[in-house]
There are 4 protein chains.
Amino acid sequence: MVPWQFGIIMTHPTNAPGIVHLRVRYTEVDRMGYLHHSRFFQYFEIGRIELLRRDGKSYDDLEQAGVLFVVVKAECNFKAPARYDDELTLYTRVAKQTTVRIDHVYELKRGEILLAEGKTTIACIDRAGQLQAIPPDLCAHF
Amino acid sequence: MVPWQFGIIMTHPTNAPGIVHLRVRYTEVDRMGYLHHSRFFQYFEIGRIELLRRDGKSYDDLEQAGVLFVVVKAECNFKAPARYDDELTLYTRVAKQTTVRIDHVYELKRGEILLAEGKTTIACIDRAGQLQAIPPDLCAHF
Amino acid sequence: MVPWQFGIIMTHPTNAPGIVHLRVRYTEVDRMGYLHHSRFFQYFEIGRIELLRRDGKSYDDLEQAGVLFVVVKAECNFKAPARYDDELTLYTRVAKQTTVRIDHVYELKRGEILLAEGKTTIACIDRAGQLQAIPPDLCAHF
Amino acid sequence: MVPWQFGIIMTHPTNAPGIVHLRVRYTEVDRMGYLHHSRFFQYFEIGRIELLRRDGKSYDDLEQAGVLFVVVKAECNFKAPARYDDELTLYTRVAKQTTVRIDHVYELKRGEILLAEGKTTIACIDRAGQLQAIPPDLCAHF
């Protein structure tokens with residue numbers, strides 16, 4: 001009913017995923033020819049940023065204004081490899097948001113094939129590295 | 001007695017952690033001056049490889065022999081930031097090993113300060129990408 | 001008249017540049033907020049590959065067929081910094097081509113502002129790392 | 001006698017090279033198994049920073065104090081490939097120094113084999129990105 005009384009703020013009503021198209025770069029694959037697992041987390045970051053942009057916000061502006069986000073938890077299940085030059089689609093959704101943290105979930109696909117499912121928690125900090133409340137106008141948008 | 005009847009093979013009896021010293025490189029930090037979260041997973045990979053080397057095995061040789069390992073799951077809790085030029089110590093342990101998978105756990109520290117705790121599952125595959133049994137001589141060593 | 005008798009093969013008659021649009025990623029900038037200088041060379045590689053694709057060739061296919069290219073010389077003059085989230089345009093041209101080598105030149109711009117001028121020489125090798133002639137059907141296309 | 005009247009400041013009298021030992025990381029090699037050419041420039045950066053450290057200076061401290069260096073020119077001749085897990089030695093020397101710029105030269109070797117020769121020019125800027133004179137106490141040390 002009033003979930004934010006527990007520090008939980010409702011996410012975007014529609015919660016449509018952000019969609020990003022990515023082509024795997026040569027420098028992103030390893031000697032096996034696979035997209036290196038660490039790169040998935042870099043893709044997820046792009047997904048978060050583009051989700052924000054879709055809703056009219058710039059992460060660059062936020063950071064310049066002293067609203068920084070750091071990743072406090074990240075996980076990924078790798079289902080199938082991505083290879084050099086593959087065209088991938090990344091779906092990013094907000095799963096939960098509190099006054100200082102946002103959980104995102106990700107699906108990375110090649111066509112209909114699910115390559116990876118990820119989840120991250122980011123926390124809002126100030127320039128000194130201290131937790132701060134997420135600005136109100138971001139609450140429904142991130 | 002015969003733990004592998006359940007597909008579980010006992011890990012190294014002593015299970016002493018592998019220890020790696022790393023200095024954070026300039027290209028590894030982001031605009032906030034923090035070691036980028038994706039880099040922690042690259043450090044963990046170094047930890048796995050050095051643990052193997054400590055026990056007399058070369059990942060390079062394994063890969064040349066068609067024994068490949070892929071990461072099928074990775075997670076990390078980030079407790080405190082690492083910064084450019086920080087001298088870090090990475091502790092890597094085998095947590096569990098089956099016939100085809102190995103779980104590692106990691107602690108990344110700056111002095112006594114715990115910066116991150118990670119966990120990965122790697123699976124043994126052949127050149128065609130199919131699961132294969134981990135070679136017996138690796139079972140007690142990885 | 002017959003320049004290839006000296007080992008020089010004429011490049012694409014029109015020699016129109018390949019054009020790639022790139023947005024600077026968060027993981028590509030350094031602590032100063034600038035696109036790291038090493039990243040320019042990664043962008044140039046994307047420029048070469050997309051120039052090839054424009055002419056109907058896939059670098060992935062080439063490499064699978066044992067036609068590999070290695071960079072034997074690279075240089076760049078950095079004129080102005082690129083920053084996180086900048087939208088850049090990369091212009092790639094073939095400057096010279098011999099039987100085994102191709103020189104590319106690059107201009108990286110933000111709008112009308114020239115950020116960097118680069119030049120690379122790539123050489124065609126086989127899987128054993130030995131020089132081999134560039135396949136004829138690539139001569140007019142790369 | 002007074003070389004700086006031409007804007008040239010004498011470099012370290014002995015000009016002994018800085019020496020750095022590097023093991024090629026798995027994430028640094030490409031699908032061909034070679035250290036990616038862009039990574040050489042990242043190694044050169046490590047060489048510059050360690051040369052500075054050898055002479056008692058910290059690049060981190062400099063940057064915190066508003067003394068920034070940007071690369072304005074970089075070039076490299078690649079002679080032979082480096083591969084995953086190779087143990088390399090990087091030799092870094094100051095070739096020339098003016099009031100605002102420093103040229104470094106690099107040799108990257110595996111044992112006695114020369115893999116690459118590089119050269120960079122860095123310029124000293126302030127936080128606003130404007131050229132500034134290199135601090136006097138760095139003149140003989142970089």
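Just so you know, these numbers come straight off a predicted model, no measurement behind them.

1. Re the pairing of strand β5 (residues 113-125) of chain D
All names here are of chain D. Pairing between strand β2 (residues 68-78) and β5: 10 bridges, direction antiparallel. Within β5, the position partnered with phenylalanine 78 by the bridge is alanine 116. Here 10 bridges tie strand β4 (residues 101-110) to β5, and the two strands are oriented antiparallel to one another. Within β5, the position partnered with arginine 110 by the bridge is isoleucine 113. In this structure, the hairpin formed by β4 and β5 is closed by a connection of two residues, where glycine 111 is found at a positive phi of approximately 60 degrees.

2. Details of the interface of chain A and chain B
Each partner contributes residues to the interface: chain A has 18 residues there, and chain B has 18 residues. Going through the elements one at a time, α1 (37-54) and β2 (68-78) of chain A are the ones with two or more residues in the side of chain A that touches chain B. By residue number, the principal contributor to the side of chain A that touches chain B is β2(A), which donates 10 residues. Residue composition of the side of chain A that touches chain B, by class: 11 nonpolar, five polar and two charged. Inspection of the sheet shows β2(A) paired to strand β2 (residues 68-78) of chain B by five bridges, in the antiparallel sense. Bridge pairing links A:Asn77 to B:Lys73 in β2(B).

3. Structural notes on the packing of α1(A) against helix α1 (residues 37-54) of chain B
At a closest axis distance of 8 Å, the pairing of α1(A) and α1(B) adopts a crossing angle of 175 degrees. Put simply, α1(A) runs roughly antiparallel to α1(B). Contact residues: A:His37, A:Ser38, A:Phe41 and A:Gln42 in α1(A); B:His37, B:Ser38, B:Phe41 and B:Gln42 in α1(B). Of the residues belonging to the contact of α1(A) with α1(B), the class tally is two nonpolar, six polar and no charged.

4. Describing the relation of the copies chain C and chain D
For the pair chain C and chain D, the superposition axis carries a translation of 0.0 Å, the fit reaches an RMSD of 0.0 Å, and the rotation angle comes to 180 degrees. Here the two chains are linked by the operation of a two-fold rotation axis. Looking at the rotation axis and the C-alpha trace of chain C, the residue lying nearest is C:Glu75, at 2.0 Å.

5. Observations concerning the sheet that holds strand β1 (residues 18-23) of chain C
Within a sheet, adjacent strands bond to each other through the backbone by hydrogen bonds, running parallel or antiparallel. Strand order in the open sheet formed by 10 strands is β1(C)-β3(C)-β4(C)-β5(C)-β2(C)-β2(D)-β5(D)-β4(D)-β3(D)-β1(D), with antiparallel pairing between adjacent strands. Of all strands in the sheet, those with a lone pairing partner are β1 of chain C together with β1 (18-23) of chain D, marking the two edges. If you compare each strand with its neighbour and ignore which way they point, the axes differ by 25 degrees on average. Packed on one face of the sheet, helix α1 (residues 37-54) of chain C meets β1, β2 (68-78), β3 (87-97), β4 (101-110) and β5 (113-125) of chain C together with β2 of chain D and runs near 135 degrees to β1(C). Strands in contact with helix α1 (residues 37-54) of chain D are β2 of chain C together with β1, β2, β3 (87-97), β4 and β5 of chain D; relative to β1(D), the strand with the most contacts, it is inclined by about 135 degrees.

6. Comments concerning the relation of the copies chain A and chain B
Of the transformation superimposing chain A on chain B, the axial component is 0.0 Å and the angular component is 180 degrees, with the fit at an RMSD of 0.0 Å. Of all interface residues in chain A, 100% are interface residues in chain B too; the two copies therefore contact each other through one and the same surface.

7. With respect to the sheet that holds strand β5 (residues 113-125) of chain B
Ordered by their spatial adjacency, 10 strands build an open sheet running β1(A)-β3(A)-β4(A)-β5(A)-β2(A)-β2(B)-β5(B)-β4(B)-β3(B)-β1(B), and the pairing between neighbours is antiparallel. The open sheet has two free edges, formed respectively by β1 (18-23) of chain A together with β1 (18-23) of chain B, since each of these has just one partner strand. Across the sheet, the mean angle separating the axes of adjacent strands is 25 degrees when strand polarity is ignored. The sheet contacts of α1(A) involve β1, β2, β3 (87-97), β4 (101-110) and β5 (113-125) of chain A together with β2 of chain B, and relative to β1(A) the element is tilted by about 135 degrees. Packed on one face of the sheet, α1(B) meets β2 of chain A together with β1, β2, β3 (87-97), β4 (101-110) and β5 of chain B and runs near 135 degrees to β1(B).

Reading the values: the criteria
- Residues numbered from 1 in each chain as written.
- Chains lettered and ligands numbered in written order.
- Predicted model: local features only at pLDDT ≥ 70, side-chain atom pairs only at ≥ 80, totals over all residues.
- Pairing = 2+ DSSP bridges.
- Helix = DSSP H or I, 4+ residues; strand = E, 2+ residues; numbered from the N terminus.
- Contact = placed C-beta atoms within 7 Å.
- Nonpolar A, V, L, I, M, F, W, Y, C, P; charged D, E, K, R; others polar.
- Axes fitted to C-alpha atoms, helices over the stretch in contact; angles between N-to-C directions.
- Parallel < 35°, antiparallel > 145°, perpendicular 65-115°, else oblique.
- Least-squares fit on C-alpha atoms with pLDDT ≥ 70 in both.

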